[in-house]
Amino acid sequence: MEVTEVIAEKVLSGSTMPIVSINPANGETIEQYEEMSTEQVDAIIDQCHQAFLDWRDVPFAERRRRNAAGCATTTPITPRPSSRHRL
């Protein structure tokens, strides 16, 4: 059975396939995710849109205060050296 036939069979049966993120350098699985239904995706989009609507009504000074407080609790990002970015 070809890959396209397997995918078509899964879609028609209503079952989902996990989405796997694989490191191409060593072939190891990085993470595996379960496919979401249209309803789940729509619910997430609705939640994000509502969060945007709520956030845009927060005055700028309050957003700045919240962002500064959040940044103070996170680990700083240290850039990795790369040969591609040499001057």
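Let us look at the structure shown here.

A closer look at the pairing of strand β1 (residues 19-22)
- Bridging between β1 and strand β2 (residues 29-33) involves 4 bridges; their strand directions are antiparallel. Considered in β2, the bridge of S21 is made with E31.
- Linking β1 back to β2 in an antiparallel pair, the connection comprises 6 residues, with G27 at a positive phi of about 75°.

A look at the pattern of salt bridges
- Across all of its chains, the model carries 2 salt bridges by this definition.
- Of the charged contacts, one joins E62 and R65 as a salt bridge, the two residues approaching to 2.7 Å between their closest N and O atoms. Within this pair, E62 and its partner R65 are both found in helix α3 (residues 60-72), separated by 3 residues, close to a single helical turn.
- Note that R66 is salt-bridged to E62, the shortest N-O span being 2.9 Å. Taken as a pair, R66 and E62 lie in helix α3 at a separation of 4 residues, close to a single helical turn.
- Among the residues examined, R66 registers a relative accessible area of 40% and is labelled partly exposed.
- Salt bridges sharing common partners tie together E62, R65 and R66.

Reading guide: rules and limits
Residues numbered from 1 in each chain as written. Predicted model: local features only at pLDDT ≥ 70, side-chain atom pairs only at ≥ 80, totals over all residues. Heavy atoms only, no water. Pairing = 2+ DSSP bridges. Helix = DSSP H or I, 4+ residues; strand = E, 2+ residues; numbered from the N terminus. Salt bridge = Lys/Arg side-chain N within 4 Å of Asp/Glu carboxyl O. Buried < 20%, exposed > 50% of the residue type's maximum accessible area, 1.4 Å probe, protein only.

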